[in-house]
Structures are given as C-alpha cells and as structure tokens.
Amino acid sequence: MRALDVIDAGPEHAGAVVDIIRRSFGRRPHLDPPSTALDETEESVAEVLAGPGGLLVERRGLPMGALLFDESRSDKLGLRRVAVDPEIQSRGVASAMVGVAEDTAEERGKDGIWLHVREELPETIQFWSRRKYHPVSQDGPLIEFGKTLWLAREVPTPDAMRDLASRVAELIRPGDLLVLAGDLGAGKTTFTQGLGDAMGVRGPITSPTFVLARTHPPQQGGPPLVHVDAYRLGGPEEIDDLDLDATAEEAVTVVEWGDGLAEQLSDSWLSVSIEVRGARPIDPLGTKADGTHDEVADAEPRVVTVKPHGPRWVDVPLRSTLLS
C-alpha cells in the first residue's frame, strides 16, 4: 500500500472529514443509545477544526481516515470521531492517525491522551488496548481509555541526574516498580541515589552487585526503597528467587539491569533507560577491588528515556513534572 499522508486538518477540510465520519460510523452496528457522530455537519466539524483541530488521512489525494481533537482538558488531548473509511479497514490508517495524534499531544505539552470507546465494540477496545491505552472509568456504555506519554530528556551532569530522580520521586507511591537500563557507568546508581534522597530513606545507596538486593527503610515515614541489581541474574526465574513479592506492595522497588527480567513483578512499571552520548564503552572488568563498579566520572551527557507501562501510570503528569 502506498504511503499515507496524515494532514493537520483545517476548516477547509471539513467536507472531507465529515464524509469520512458519516461513512465510518454509518457502518457500525446499531447502538443504544445511538452515537451522536452522525449528527455532525460540515459546519460543526469546521468549528472544531478551526479550534482544537484534527487530522485527515489521504492516499493519492483520496480521504481515508479522520479524527477530531478535544482540548477541554488542559493536561490531556482528547480524540473524538476516530473514523476510517469502511472499505479500507485494517490497512494501517487508524494506527497512522494515532501515532500523529500522540506526536501532536507531545508538541502541545500534554501529559497524555484520552478518548471514549463503546463497550459494545470489542474490536475497537482491542485496537486501543494493543496500543497501550488502558480503561480509566466507565459511564454507561462509554469506557474512557487513557494513555500517558513517554519522554526523553538530556541530563548533562550527575547532579542533573539526581534532580531528575527527585522529580520522579514526586510521582511514585508504595508498590511502584522502576526498571533501570543502561551500560555500566551510565548513571543507574546515581539515579537511584537521587530517588532515595528525595524519598528520605536511610543510606548510603550503592550498587548492590553481590548483595543483589538491599532494603533502605524510610527515616521519617514514607515507603522503603528496595534496590536490586540484576546484572548477574541469568533469567526471570532468578528474580523470583529474590522474593521481592514480600515487599512489593509497601515498597518502591528499583531494579538496575532489570530490562526484560523485572517486568513480570507487576502489571505496571516505569522504565528508565540511560544512554551515554559519545562516551566510550565501559569495560565490565574495570571494577573496584571489592568487585563493584563506579559510576563514570566524566562530563558526557546522558539521554534518559522514561516510559510508563500499565494502568497505574494513566493520568500521571509524567511529562509536565519531569520536563518542567
């Protein structure tokens, strides 16, 4: 299939957008109460496109899909009238629109996206679920789905890494799981130190390479921090041997080298990936006398990517907190 063109639709596209909406929603099964999408007119759509805006998908100049934006919530971008020409279903049109909509939400400084889905449409529910949208609430037959957007930011110094971690600490609560990834010396332990300082747990926080897991109790209330180093673990089954389930509900668990191993511990987690830009690879054998490794003492900037996974992180102001 030839490449799709996803256009930022304006009032001049209202005719094409309303035509797609009518064709798409007109093919849906009868719903009770019925959808109001078929009440849309060229005038009502033009008004939305002149304000919050929307998207129009074309191929060879032929309209194939459309959606309208909703700016009624300051922190999230809403999606309305998500419509695809019924003659070309399952050809990537909806996925293309969703990808651009998420980019638009990011450009507009939003933390996430919300939309309503009818419970009588299981295939539509499955579509959004596959794209990591999660149900938030339900009002009659309308299920609200939401998704929190991920982010990446440059972190130039160890102090900036600790500051980023302290901002993450503002969002976490007992039971949260953080999975840290990055090469030796990238800054995973520095991040955990900043997190622990902000949480007010007892230190010092060092790399638990041989202990595998350390629990840092709170000094004045708050949850404990369980710090895990999965560097020497051979597989997910060895994570089970650490018996982290015993503290999972009341603690904040941070797993270094946990990518691909620790996600089984919860249905929701925050992945933190740290990339050193321009630095030489670190020799794993270049360790201290006690076998542990230091964080790299250089000025190479890091790029930290933070991605939320699972229903816990829906409605969390991740981007506005970490990018402010």
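Here, the structure is the one placed above.
Quick look at the structure, then. (Residues numbered from 1 in each chain as written. Predicted model: local features only at pLDDT ≥ 70, side-chain atom pairs only at ≥ 80, totals over all residues. Heavy atoms only, no water.)

Re the overall build of the protein chain
Secondary structure assignment for the protein chain yields eight helices and 14 strands. Among the 324 residues that make up the protein chain, the fraction classed as buried is 48%. Restricting the contact set of the protein chain to residue pairs at least 6 apart, pairs at least 24 apart contribute 69%. Taken as a whole, the protein chain presents about 15700 Å² of accessible surface, with 48% of it coming from carbon and sulfur. (Helix = DSSP H or I, 4+ residues; strand = E, 2+ residues; numbered from the N terminus. Buried < 20%, exposed > 50% of the residue type's maximum accessible area, 1.4 Å probe, protein only. Contact = heavy atoms within 4.5 Å. Areas by Shrake-Rupley, 256 points an atom, 1.4 Å probe, with all protein chains shown as cover.)

Structural notes on the side chain of T253
Assignment of secondary structure puts T253 in strand β12 (residues 252-256). For T253, a relative accessible area of 5% translates into the label buried. Setting aside residues no more than four positions away along its own chain, T253 makes contact with D176, L177, L178, V226 and V228.

Focus: the sheet that holds strand β14 (residues 302-309)
In spatial order, the strands read β8-β14-β13-β9-β12-β11-β10; together these seven strands make up an open sheet with mixed pairing. In the strand order of this sheet, the two ends are held by β8 (151-155) and β10 (213-216), each with one partner. Pairwise comparison of adjacent strand axes, ignoring direction, gives a mean angle of 20° for this sheet. The pairing of strand β9 (residues 177-181) with strand β13 (residues 269-276) spans four bridges and is classified as parallel. Note on β13: the bridge partner recorded for A181 is S273. Packing against the sheet, helix α5 (residues 158-169) makes contact with β8, β9, β13 and β14, and its axis sits at approximately 145° to β8. (Pairing = 2+ DSSP bridges. Axes fitted to C-alpha atoms, helices over the stretch in contact; angles between N-to-C directions.)

A few points about the environment of D39
Examined against the element boundaries, D39 turns out to sit in the loop between α1 (14-26) and α2 (42-50). With 18 residues separating them along the chain, D39 and I21 place their C-alpha atoms 9.9 Å apart.

Some thoughts on the sheet that holds strand β2 (residues 54-59)
Working definition: the strands of a sheet are paired by backbone hydrogen bonds and lie parallel or antiparallel to each other. If you walk across this open sheet you meet the seven strands as β1-β2-β3-β4-β5-β7-β6, and the pairing is mixed. The open sheet has two free edges, formed respectively by β1 (5-9) and β6 (134-139), since each of these has just one partner strand. Averaged over all pairs of adjacent strands, the angle between their axes in this sheet comes to 30°, without regard to strand direction. For strand β5 (residues 112-118) and strand β7 (residues 142-148), the ladder comprises seven bridges, and the chain directions are antiparallel. Bridge assignment links H116 to a residue of β7, and that residue is E144. Where α2 meets the sheet, its contacts fall on β1, β2, β3 (62-70) and β4 (76-84), and the angle it forms with β3 comes to roughly 65°. Sitting on the sheet, helix α4 (residues 122-130) is in contact with β4, β5 and β7, with an inclination near 160° to β5.

Let's talk about the environment of S273
By secondary structure assignment, the location of S273 is in strand β13. A relative accessible area of 35% places S273 in the partly exposed class. Sequence separation of S273 and V303 is 30 residues, and the distance between their C-alpha atoms is 8.1 Å. When residues no more than four places from it in sequence are discounted, the contact partners of S273 are A181, V303, V304 and T305.

What to know about the packing of aromatic side chains
On inspection of all chains with the given rule, the structure shows two aromatic pairs. On the basis of an interplanar angle of 90° and a centroid distance of 5.1 Å, the ring pair of F127 and W128 is categorised as edge-to-face. Relative accessible area serves as the criterion here: at 15%, F127 is assigned to the buried category. Judged by its relative accessible area of 3%, W128 is buried. Seen in terms of ring centroids, W128 and Y133 are 5.0 Å apart; in terms of plane orientation they differ by 75°. Their pairing is edge-to-face. Taking the relative accessible area as the measure of exposure, Y133 reaches 1% and is therefore buried. Members of the aromatic cluster, joined through ring pairs, are F127, W128 and Y133. The ring of W257 carries the charged tip of K188 above its face, separated from the ring centre by 4.1 Å. The side chain of R312 reaches across the aromatic face of W313, ending 4.1 Å from its centre. (Phe/Tyr/Trp six-rings, centres within 6.5 Å; stacked < 30°, edge-to-face > 60°. Lys NZ or Arg CZ within 6 Å of the ring centre and 35° of its normal.)

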